[in-house]
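# Breakdown of the fold
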2 protein chains.
Amino acid sequence: MNIGIYGYGNLGRGVEDAIRRNPDMSLAAVFTRRDPQTLSIHTPGVPVVSAEEVLDWKDRIDVLVICGGSATDLPGMTPELAKHFNVIDSYDNHSQIPKHFESVDKAALGGKKTALISCGWDPGMFSLNRLYAGCILPDGSDYTFWGKGVSQGHSDAIRRIEGVLDARQYTVPVEEAVERVRKGEQPDFTARQKHTRECFVVAEEGADLERIRREIVTMPAYFEPYDTTVTFISMEEMKANHSELPHGGSVIRTGATGQDDGHKQVIEYKLTLDSNPEFTGSVLVAYARAVGRMAARGDFGCKSVFDVAPADLSVLPRSELIAHML
Amino acid sequence: MNIGIYGYGNLGRGVEDAIRRNPDMSLAAVFTRRDPQTLSIHTPGVPVVSAEEVLDWKDRIDVLVICGGSATDLPGMTPELAKHFNVIDSYDNHSQIPKHFESVDKAALGGKKTALISCGWDPGMFSLNRLYAGCILPDGSDYTFWGKGVSQGHSDAIRRIEGVLDARQYTVPVEEAVERVRKGEQPDFTARQKHTRECFVVAEEGADLERIRREIVTMPAYFEPYDTTVTFISMEEMKANHSELPHGGSVIRTGATGQDDGHKQVIEYKLTLDSNPEFTGSVLVAYARAVGRMAARGDFGCKSVFDVAPADLSVLPRSELIAHML
């Protein structure tokens, strides 16, 4: 299966890494909006092509993995490319997913292509686990905890404060809350009871640190609803200790079964990730395989992870899955 | 959707409990090989019917949930019933699954019916999670830990020893081994390093307890490869403290991504179940919904959990899943 990568940031590099680990996949080309000459990729012998020339590659790519940002790139990019390619993206703006779905569906059906949106771990594997667990235990409650991990959105929000040179924000689940849920309790939590926020900030020399701290912890929606700690560090410390992008979290559903709801049942799906973009890239590549297969069967239009039969993710034939994986 | 339950032991009662929690499902009848007069079920107004009369119900049941044992019941029962009904079972004899699959497939295709075998949590949700995790992290290792929970097979093995009146065996994961795997290590474990076995035994008065203990801990395959503890208790203690059927466990995959495999990624799926048969029944009922839908679409033959698109498990329409679950 020939895969194209459209956009070569952290996520694009994660997809590239995943492709080389799947023997039935090969990287056909990387498309970039930057000057292709300035880009050096990891896979030897693979062309780096200007995004403007992507349509020349229509017959050489089975699935195009679109690695753009959800805020401004994907809403236009995915429908446009879905007219001409089988595509997959990681669109994560939850409230706008139905709108994105609709525009991608129309484009893909028009071009007789298959598209899959909002793939990764949340949305993606976490959504899938919320669905499975909810179907198995209809009488119950869902809890999603994120972290410990770097939130890019919250880090960016701190960087926009005057006097801040760089910042890294870690979302941290409150372990006591997680443990209560794991025991099968079904508490109502406030935002503050579920997560804390740890900020590491590099300030300009002479900046008013107390003002910066106050602007962070009182920022509505981002930090005000949480217990937030702010630690000022040097640029050297930032580079040495905070250059990675770990993340993860847990989806937990607890429900009752039996006479008088007498039995507690707890389902937990937990991710502990050293690299968020590389894991997301790995999920995208597994689902790219399914997109290619669905397209080959003539199953066109926009799909989500909910529409994909698990067998379509695997390189192994069905008989082998039944004999060795069931 | 009208559901029939074929066999009314612990699992059949678990299925019955799950049906009442799913508003789109209704229990049509319970079929038993015992005298129907002797059976009292929980759902008011539902007929208990002799298994011999099951064919009279062909037009009144959308999916039949077969709650027989894997050793002797299901290999004959499921193919026979799949000629006439859409069926689902929890066949768990791993080495014989391909053979069972083939005979059920032939019967279901012949009768234009849909069948799903080996559904529950292992095989079932654990298999599914091994598949998903393996597709996402092709370079990695899988670990399955069971327990703490009651193993019926091991309890039965103890009960066959002379002088034993009753027995309960708990499979217990070695917490230190689980923690090593959760940290992303990929150790090679012996059976002894992963699980211990705790046995509670009621012996006949005057029985040679040391002989019974020795026969248990030296039993090949069942106990010899493990560290096994044997505790003798009274029949009263057995009834008071060991009458429940808890179980659970974890499927953990750890893999590497990135340049030089520099990043560890850990995926864990964990179940903590107060009642093994009620949870298995809940999984069966969710998949019965999918079986009914696949049959309605004309997708006949034998299936496994790998063939079912997650959306088919949910009572919610696709648009709602996209808007609220993704």
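All of the points below concern the structure found in this document.

Here is what the cut-offs are and how they apply
- Residues numbered from 1 in each chain as written.
- Chains lettered and ligands numbered in written order.
- Predicted model: local features only at pLDDT ≥ 70, side-chain atom pairs only at ≥ 80, totals over all residues.
- Heavy atoms only, no water.
- Helix = DSSP H or I, 4+ residues; strand = E, 2+ residues; numbered from the N terminus.
- Rg over C-alpha atoms; globule rule 2.2 N^0.38 Å.
- Buried < 20%, exposed > 50% of the residue type's maximum accessible area, 1.4 Å probe, protein only.
- Areas by Shrake-Rupley, 256 points an atom, 1.4 Å probe, with all protein chains shown as cover.
- Phe/Tyr/Trp six-rings, centres within 6.5 Å; stacked < 30°, edge-to-face > 60°.
- Lys NZ or Arg CZ within 6 Å of the ring centre and 35° of its normal.
- Pairing = 2+ DSSP bridges.
- Axes fitted to C-alpha atoms, helices over the stretch in contact; angles between N-to-C directions.
- Parallel < 35°, antiparallel > 145°, perpendicular 65-115°, else oblique.
- Contact = heavy atoms within 4.5 Å.
- Nonpolar A, V, L, I, M, F, W, Y, C, P; charged D, E, K, R; others polar.
- Least-squares fit on C-alpha atoms with pLDDT ≥ 70 in both.
- Salt bridge = Lys/Arg side-chain N within 4 Å of Asp/Glu carboxyl O.
- Left-handed = near helix turned anticlockwise from the far one by under 90°.
- Buried area = accessible area lost by both parts, 1.4 Å probe.
- Polar contact = N/O pair within 3.5 Å; in protein donor to acceptor, adjacent residues only side chain to side chain.

## A look at the overall build of chain A
What chain A contains, in helices and strands, is 11 helices and 14 strands. Relative to the compact-globule value of 20 Å for 326 residues, chain A shows a C-alpha radius of gyration of 22 Å, a close match. A total of 326 residues make up chain A; the buried ones form 57% of that total. Accessible surface, chain A: about 13600 Å² in total, of which carbon and sulfur atoms supply 48%.

## So, the packing of aromatic side chains
Enumeration over the complete set of coordinates arrives at 15 aromatic pairs over all chains. For the pair Trp121(B) and Phe126(B), a centre-to-centre distance of 5.2 Å together with 80° between the ring planes defines the contact as edge-to-face. As far as the burial class goes, Trp121(B) and Phe126(B) line up, both buried. The ring centre of Phe145(A) lies 5.3 Å from the NZ or CZ of Lys194(A), which sits over that ring.

## Considerations on the sheet that holds strand S14 (residues 301-303) of chain A
Residue and element names in this part refer to chain A. The parallel open sheet is built from 7 strands, whose spatial order is S3-S2-S1-S4-S5-S6-S14. Two strands bound the open sheet, and with one partner strand each, they are strand S3 (48-50) and S14. Sheet analysis places strand S1 (residues 2-6) next to strand S4 (residues 63-66), joined by 4 bridges and oriented parallel. The residue bridging Gly-4 from the neighbouring strand is Leu-64, located in S4.

## Here's the deal with the packing of helix H10 (residues 276-296) of chain A against helix H4 (residues 125-136) of chain B
Viewed as axis vectors pointing N to C, H10(A) and H4(B) meet at an angle of 110°, and their least axial separation amounts to 8 Å. One element, H10(A), and the other, H4(B), form an angle in the roughly perpendicular class. Contacts between H10(A) and H4(B) involve Phe279(A), Ser282(A), Val283(A), Ala286(A) and Tyr287(A) from the former and Tyr132(B), Cys135(B) and Ile136(B) from the latter. When grouped by side-chain class, the residues that make up the contact of H10(A) with H4(B) number 7 nonpolar, 1 polar and no charged.

## As for the pairing of strand S12 (residues 247-257) of chain B
Put simply, side chains in a regular strand alternate between the two faces of the sheet. All names here are of chain B. Of all 11 residues that make up S12, 11 are buried, and the element is covered over most of its length. Residues His-247, Gly-249, Val-251, Arg-253, Gly-255 and Thr-257 point to one face of S12 and Gly-248, Ser-250, Ile-252, Thr-254 and Ala-256 to the other, with burial holding for every one of them. By the bridge criterion, 7 bridges tie strand S7 (residues 140-146) to S12 in an arrangement that is antiparallel. Bridging across to S12, Asp-142 finds its partner in Arg-253. As paired strands, S12 and strand S13 (residues 263-273) are joined by 11 bridges and run antiparallel to one another. Paired with Ser-250 across the bridge in S13 is Lys-270.

## Things to note about the relation of the copies chain B and chain A
For the pair chain B and chain A, the best superposition has an RMSD of 0.0 Å and corresponds to a rotation of 180° with a translation of 0.0 Å parallel to the axis. Expressed as an axis order, the relation between the two copies is that of a two-fold axis. Taken as a fraction of all interface residues of chain B, those also at the interface in chain A reach 100%, which identifies the copy contact as same-surface.

## Thoughts on the pattern of salt bridges
The full count for this structure, using the stated rule, is 48 salt bridges over all chains. Between Arg168(B) and Asp166(B) there is a salt bridge, with its nearest N and O atoms 3.7 Å apart. Here Asp166(B) falls in the buried class, since its relative accessible area comes to 16%. In the salt-bridge network here, residues are joined through shared partners; they are Asp17(A), Arg20(A), Arg21(A), Asp139(B) and Asp261(B).

## Considering the packing of helix H2 (residues 74-82) of chain B against helix H3 (residues 97-110) of chain B
Residues and elements named next belong to chain B. Contact geometry for H2 and H3: axes closest at 7 Å, N-to-C directions at 20°. By the angle class used here, H2 and H3 are roughly parallel. Here the hand of the crossing between H2 and H3 comes out right-handed. Where H2 approaches H3, its residues Leu-74, Pro-75, Thr-78, Pro-79 and Ala-82 are matched on the opposing element by His-100, Ser-103, Val-104, Ala-107 and Ala-108. Within the contact of H2 with H3, the residues separate by chemical class into 7 nonpolar, 3 polar and no charged.

## Examining the interface of chain B and chain A
At the interface, 68 residues of chain B touch 68 residues of chain A. Summed over both sides, the interface between chain B and chain A buries roughly 6000 Å², with carbon and sulfur atoms accounting for 58% of that surface. Viewed at the interface, chain A and chain B are joined by 6 salt bridges. Taking the shortest distance from any N to any O, the salt bridge between Asp307(B) and Arg318(A) comes out at 3.0 Å. At the boundary of chain B and chain A, one finds 37 residue pairs in polar contact (both at pLDDT 80 or more). Secondary structure elements with two or more residues in the side of chain B that touches chain A: helix H1 (10-20), H3, H4, S12, S13, helix H10 (276-296), strand S14 (301-303) and helix H11 (318-325) of chain B. Among the elements that take part in the side of chain B that touches chain A, S13(B) stands out by supplying 11 residues, more than any other. The residue inventory of the side of chain B that touches chain A, partitioned by class, reads 35 nonpolar, 17 polar and 16 charged. Pairing geometry for strand S13 (residues 263-273) of chain A and S13(B), over 9 bridges, is antiparallel. Paired with Thr272(A) across the bridge in S13(B) is Val266(B).

## Side note on the side chain of Ser155(B)
In this structure, Ser155(B) sits in helix H5 (residues 152-159). Sequence-distant contacts of Ser155(B), that is, excluding residues within four places in its chain, are made with Val150(B), Ala167(B), Arg168(B) and Gln169(B).

## As for the sheet that holds strand S2 (residues 26-32) of chain B
Residue and element names in this part refer to chain B. Reading across the sheet, the 7 strands line up as S3-S2-S1-S4-S5-S6-S14 and stay open at both edges, with parallel pairing between neighbours. The open sheet has two edge strands, strand S3 (48-50) and S14, and neither has a second partner. In the sheet, strand S6 (residues 114-116) pairs with S14 via 3 bridges, with the strands oriented parallel. Looking at the pairing, Thr-114 lines up with Gly-301 of S14. Strands in contact with H1 are strand S1 (2-6), S2 and strand S4 (63-66); relative to S1, the strand with the most contacts, it is inclined by about 165°.

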